[in-house]
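Descriptive analysis of the structure
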Amino acid sequence: MGDTGEGDMKSLLSYMPELGRSSVHIKDPKRVSFLLNKLVSGGVNTLQIIADFDHTVTKQHVNGVRHTSSFCVINQCNGLPPHFSGRDSELLKKYLPIERDPHLTKEEKTPYMIEWYSMTSELLQGFPLDPNEIVEAVKRSNTELRSGFQDLVTALDTANVPLLVFSAGLGDVVDAILKHHGVCNKNIHIISNFLNFKDGLVNGFTDDIVHPFNKNGKAAEHTNYFKEMSNRHNVILMGDNLGDAEMADGVPNTDAVLKIGFLFGDVDRLLPQYLDHFDVVLEDDQTMDIANSLVRLIKETASDSTKSSVSI
Ligand SMILES: Nc1nc2c(ncn2[C@@H]2O[C@H](COP(=O)(O)O)[C@@H](O)[C@H]2O)c(=O)[nH]1
Ligand SMILES: [Mg+2]
């Protein structure tokens with residue numbers, strides 16, 4: 001790191017000591033300082049948070065065992081057609097390695113993701129599914145939110161900062177997991193794949209699919225969300241997948257987008273790619289400590305009239 005990098009890093013640490021942890025990787029401290037200054041000087045009224053759900057709001061692993069995904073939870077529901085879980089597992093086995101393949105580009109992966117989600121939509125057809133079954137399945141699934149996520153939601157709620165949960169998972173399960181953990185308030189919005197019902201039977205998804213590599217303005221077009229939040233030019237983005245780094249692309253006229261990436265497993269091979277996509281990469285960090293510290297800094301500076309901004 002050149003002198004400037006060390007100077008910038010020292011300045012960052014004076015405001016956010018957590019960034020000094022060995023699990024924190026920052027490729028360009030100068031850029032992170034610039035973004036932090038923009039976020040802090042913009043304050044809570046120009047801020048919005050965009051977070052992926054599976055393995056971002058939820059932990060990536062618990063004691064080394066990979067955390068379940070919102071789609072996988074559906075397999076815990078009673079009353080599914082006999083072929084459902086086996087077929088879902090077959091599709092997962094075929095397409096998950098493609099989704100995660102570091103040697104394939106987003107463009108090469110996209111047709112396979114569309115295939116996967118179209119086949120899942122077909123699988124989710126023609127059988128009754130009581131919404132309460134999803135609630136019961138969540139109870140049986142031992143889901144865990146990242147430590148400190150509830151604190152983050154409370155801090156955002158008291159400052160009226162909106163949180164968008166942007167998930168290529170199953171929105172009905174995302175909603176049920178958040179409610180299961182007592183996290184539901186007016187400031188949380190979910191854009192995801194939601195189940196459609198016709199004549200009381202499951203009938204695919206309600207809208208165009210959201211898959212891991214189209215989480216952008218177009219995938220959110222049917223909700224008008226980004227237009228409604230267009231006065232919030234500063235974004236804290238959090239994700240665990242390279243495709244998550246584009247989730248703020250639908251926000252008009254952004255001033256600053258600070259991208260936090262969660263990386264677990266195969267770090268030596270994947271870290272360079274994650275550092276190209278995210279400003280701050282957190283290695284095997286199953287908490288929301290960095291996000292909480294960032295929101296606290298923004299709120300404290302905004303509330304301290306003697307500090308109209310900080311010079312990080
Ligand atoms: N078991 C299944 N898992 C699936 C399916 N389709 C997608 N997925 C996984 O969900 C995540 C997306 O969630 P996000 O909140 O992280 O965007 C994705 O990464 C896939 O691995 C499915 O049909 N079955
Ligand atoms: Mg994810």
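Going by the structure above, here's the rest.
Parameters and conventions
- Residues numbered from 1 in each chain as written.
- Chains lettered and ligands numbered in written order.
- Predicted model: local features only at pLDDT ≥ 70, side-chain atom pairs only at ≥ 80, totals over all residues.
- Heavy atoms only, no water.
- Donors = N, O, S within 2.8 Å, 3.2 Å for Na, K, Ca; no water.
- Helix = DSSP H or I, 4+ residues; strand = E, 2+ residues; numbered from the N terminus.
- Buried < 20%, exposed > 50% of the residue type's maximum accessible area, 1.4 Å probe, protein only.
- 1 Å grid on protein atoms, 1.4 Å probe; cavity = no way out; pocket = protein on both sides within 12 Å on 5 of 7 lines; lining within 4 Å.
- Points joined across faces, edges and corners; volume = space filled by probe spheres on them.
- Nonpolar A, V, L, I, M, F, W, Y, C, P; charged D, E, K, R; others polar.
- Contact = heavy atoms within 4.5 Å.

Observations regarding the coordination of the magnesium ion (ligand 2)
Around the magnesium ion (ligand 2), the protein contributes the donor atoms Asp52 (OD), Asp54 (O) and Asp240 (OD), which lie 2.0 to 2.2 Å from the metal centre. Here the donor residues for the magnesium ion (ligand 2) map to a single chain with the spacing D-x1-D-x185-D. Separated by 188 residues along the polypeptide, Asp52 in the loop between β2 (47–51) and β3 (61–62) and Asp240 in the loop between β9 (234–239) and β10 (256–263) bring together distant segments of the chain. Per residue, the accessibility class of Asp52 equals that of Asp240, and both read buried.

As for empty space enclosed by the protein
For the structure on display, the rule yields one cavity of 30 Å³ or more. Considered as a void within the structure, the largest cavity measures approximately 40 Å³ in volume. Secondary structure elements with two or more residues in the lining of the largest cavity: α2 (29–42) and α11 (289–303). Here the residues of the lining of the largest cavity are counted per class, giving eight nonpolar, no polar and no charged.

With respect to the environment of Val202
Residue position: Val202 is located in strand β8 (residues 201–205). For the pair Val202 and Asp28, spaced 174 residues apart in sequence, the C-alpha separation works out to 47 Å. When sequence neighbours within four positions are dropped, the list of residues in contact with Val202 reads Leu124, Gln125, Gly126, Phe127, Leu129, Leu195, Asn196 and Phe197.

Digging into unusual backbone geometry
Here Asn142, not a glycine, exhibits a phi torsion of approximately 45 degrees, which is positive. Inspection of the secondary structure assignment puts Asn142 in the loop between α6 (131–139) and α7 (149–158). A positive phi angle is found at Asp266, which is not glycine, with a value near 55 degrees. Here Asp266 lies in the loop between β10 and α10 (267–277). By relative accessible area, Asp266 is classed as partly exposed at 38%.

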